[in-house]
Amino acid sequence: MSNPRTVLVWGANGVSGIAAVKALLDRPKTEIDGVIAVSRRPAQIPNKDERYKFLSIDLLNAEVEEVIEKLNQVGGQQVDTALHYTYIEKKDQQELTDINMVLLKKALDATVGAAGKKFRHFHLQTGYKWYSLHLGDPKRQAPLPYREDAERGPTDPPNFYYHQVDALIEHAKRHGYQWSETRPNTIIGAAKGNFMNQGVSTSLFFALEKWKGSKEVQYPGNLANWDKIIVDQSTASNNAEFQIWVTDAKNSEKCANQSFNIHDGGEKTLGQIWKELGDYHGIKVLPPLAEAKVVEGDRPPILSMSLDKWSKDAGNLEAWRKLTSERGGDPEAFESHATFAFADFTLGATFEQNGSLDKAREAGWGRKVDTVKEGYIKTYEHLVEIGTIPKV
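The name given to the protein in an unreviewed UniProt entry is NAD(P)-binding protein, with the source organism recorded as Violaceomyces palustris.

Below you can see the structure in the form of structure tokens.
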């Protein structure tokens, strides 16, 4: 049996960070004897587990020495594993690269500075942007299915994931620890103020339409992603389980110093997912409009209906205010929790986004999860539980 681990979670208030903290604390003390969670904002989910220590640190503006001192006040000397999820969104790709490189480099230096030779493994979560799908051009993305050894794509505009992985590998070699990287797509989970959050936007949409008495809703996507192309979904809880597994010393021989795709392992189209969500809420989801037809080479999004426009409709905003005033919930949820424009981009997909899990399977990972039940529905139920969405 391997020794119990103390795990440092960078970016602990995001969708992925929250899922990782929960998954770690679900494990017995014989496996995980400490979790240090770091985020700029105060903890979103208070936890009374004695193993759990939360630090509110503005990593972007703090000096590395200051961060090391704070880590060591809560047992940073014992950290042997780190999971990295920090992210700051910027529209300009060079600015996005620069600011997120600062976050990663400070996290790397502070982790090693606190833990020293005790430190064993640093994990970085990236995503399918590695395969250039964000460019919206199927001719410029990596060959399908995406495989971890695919050649890097265009770097104008810059792809900050390439810079991050290079920095991680160089730092790991210099300081003598192991590294790993995982690449999920369309992460499903819940966190306040998260930029790329499909599950929360979808939950708000169905909650309001149900309260309005809608018996039918228009599927927002197009004729391709309704029942043809696959857009991989990566439930945050499943990602976290895989990342904890990858960084376990027992799996070092097959997983250390490598990159892995990770998704739920299902083959449901976005249309199938929406139909199942409609069934859960008692609402029929109508097929996409005929004009939402995708022609090869179309740039996304191609939509039957824009959720972003829906979320800005005066009638819907007034309905949400009325619902929350009568039943509870967060009246500012549309602005502070959801990112409907990102939901549009995902639901307007015009080409396949499918990554191979062969490498993870060969390493011994066999788990498969139901995206609707474990991702979207649990996200909705969590939002009701914490009071973001009223029970309708």
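Still more to cover.
Draft legend 1. Region of interest: the nonpolar core. With 42 residues, the main nonpolar core has Trp10, Leu71 and Phe122 as its most contacted residues. Those elements giving two or more residues to this core turn out to be β1 (5-10), β2 (32-39), α2 (64-73), α3 (93-115), β5 (121-125) and α4 (160-175). Take this core: its biggest share by element is nine residues, from α3. Beyond its immediate sequence surroundings of up to four residues, leucine 71 is in contact with Leu8, Trp10, Ile36, Val38, Leu55, Gly76, Ala110 and Ala114. By size, the runner-up hydrophobic cluster in this structure holds 39 residues, among which are Trp226, Ile229, Val231 and Val285.

Draft legend 2. Local environment of the environment of phenylalanine 334. Its location among the elements puts phenylalanine 334 in helix α12 (residues 333-336). When the C-alpha atoms of phenylalanine 334 and phenylalanine 205 are compared, they prove to be 9.7 Å apart, with 129 residues separating the residues in sequence.

Draft legend 3. Spotlight on the pattern of salt bridges. Scanning the model with the defined rule gives 17 salt bridges in all. With a closest N to O distance of 3.8 Å, arginine 27 and glutamate 31 form a salt bridge. By relative accessible area, which is 40% here, glutamate 31 ends up partly exposed. Among the ionic contacts, a cluster of salt bridges with common partners joins Arg27, Glu31 and Glu241.

Draft legend 4. Region of the structure containing the side chain of asparagine 13. For asparagine 13, the position within the fold is in the loop between β1 and α1 (15-25). Classification of asparagine 13 by relative accessible area gives buried; the value is 2%. Within the local environment of asparagine 13, its side chain forms a polar contact with the backbone oxygen of arginine 41, the two atoms lying 3.0 Å apart. In this structure, asparagine 13 is in contact with Ile18, Ser39, Arg41, Pro42, Ala43, Gln44, Phe54 and Ala191, ignoring residues within four places of it in sequence.

Draft legend 5. Geometry of helix α15 (residues 371-385). For α15, built from 15 residues, the straight-helix expectation of 21 Å at 1.5 Å per residue is met to within 8% by its first-to-last C-alpha distance of 20 Å. Its axis deflected by about 35° at lysine 378, α15 carries its strongest bend there. For α15, the set of buried residues is Thr371, Val372, Gly375, Tyr376, Ile377, Thr379, Tyr380, His382 and Leu383. Summarising the contacts, the buried residues of α15 are in contact with α1, β7 (187-188), α5 (198-211), β9 (234-235) and α9 (270-281). The opening residue of α15, the one whose side-chain oxygen lies 3.0 Å from the backbone nitrogen of valine 372, is aspartate 370. After α15 finishes, the residue glycine 387 shows a positive phi value of roughly 85°.

Draft legend 6. Structural view of the packing of aromatic side chains. Within the structure shown, the criterion is met by 23 aromatic pairs. Relative to tryptophan 226, the ring of tyrosine 219 has its centre 5.0 Å away and its plane inclined at 55°; by these criteria the two rings are tilted. Chaining the aromatic ring pairs together yields one cluster made of Phe205, Phe206, Tyr219, Trp226, Trp274, Trp310, Trp320, Phe334 and Phe340. The residue whose ring lies beneath arginine 183 is tryptophan 130, and the NZ or CZ to ring-centre distance is 4.0 Å.

Draft legend 7. Summary view of the sheet that holds strand β4 (residues 81-84). Taken in spatial order, the seven strands of this open sheet run β3-β2-β1-β4-β5-β6-β10, and their pairing is parallel. Edge strands, defined here as strands with exactly one partner in the open sheet, are β3 (52-56) and β10 (258-261). Here the strands of the sheet are splayed against their neighbours by 15° on average, with no regard to which way each runs. As paired elements, β4 and β5 share four bridges and run parallel to each other. Counted as the bridge partner of alanine 82 is phenylalanine 122 from β5.

Procedures and definitions
- Residues numbered from 1 in each chain as written.
- Predicted model: local features only at pLDDT ≥ 70, side-chain atom pairs only at ≥ 80, totals over all residues.
- Heavy atoms only, no water.
- Core = buried A, V, L, I, M, F, W, Y, C linked by side-chain atoms within 4.5 Å.
- Buried < 20%, exposed > 50% of the residue type's maximum accessible area, 1.4 Å probe, protein only.
- Helix = DSSP H or I, 4+ residues; strand = E, 2+ residues; numbered from the N terminus.
- Contact = heavy atoms within 4.5 Å.
- Salt bridge = Lys/Arg side-chain N within 4 Å of Asp/Glu carboxyl O.
- Polar contact = N/O pair within 3.5 Å; in protein donor to acceptor, adjacent residues only side chain to side chain.
- Expected span 1.5 Å × (residues − 1).
- Bend = angle between axes of the 7 residues up to and from the residue.
- Phe/Tyr/Trp six-rings, centres within 6.5 Å; stacked < 30°, edge-to-face > 60°.
- Lys NZ or Arg CZ within 6 Å of the ring centre and 35° of its normal.
- Pairing = 2+ DSSP bridges.
- Axes fitted to C-alpha atoms, helices over the stretch in contact; angles between N-to-C directions.

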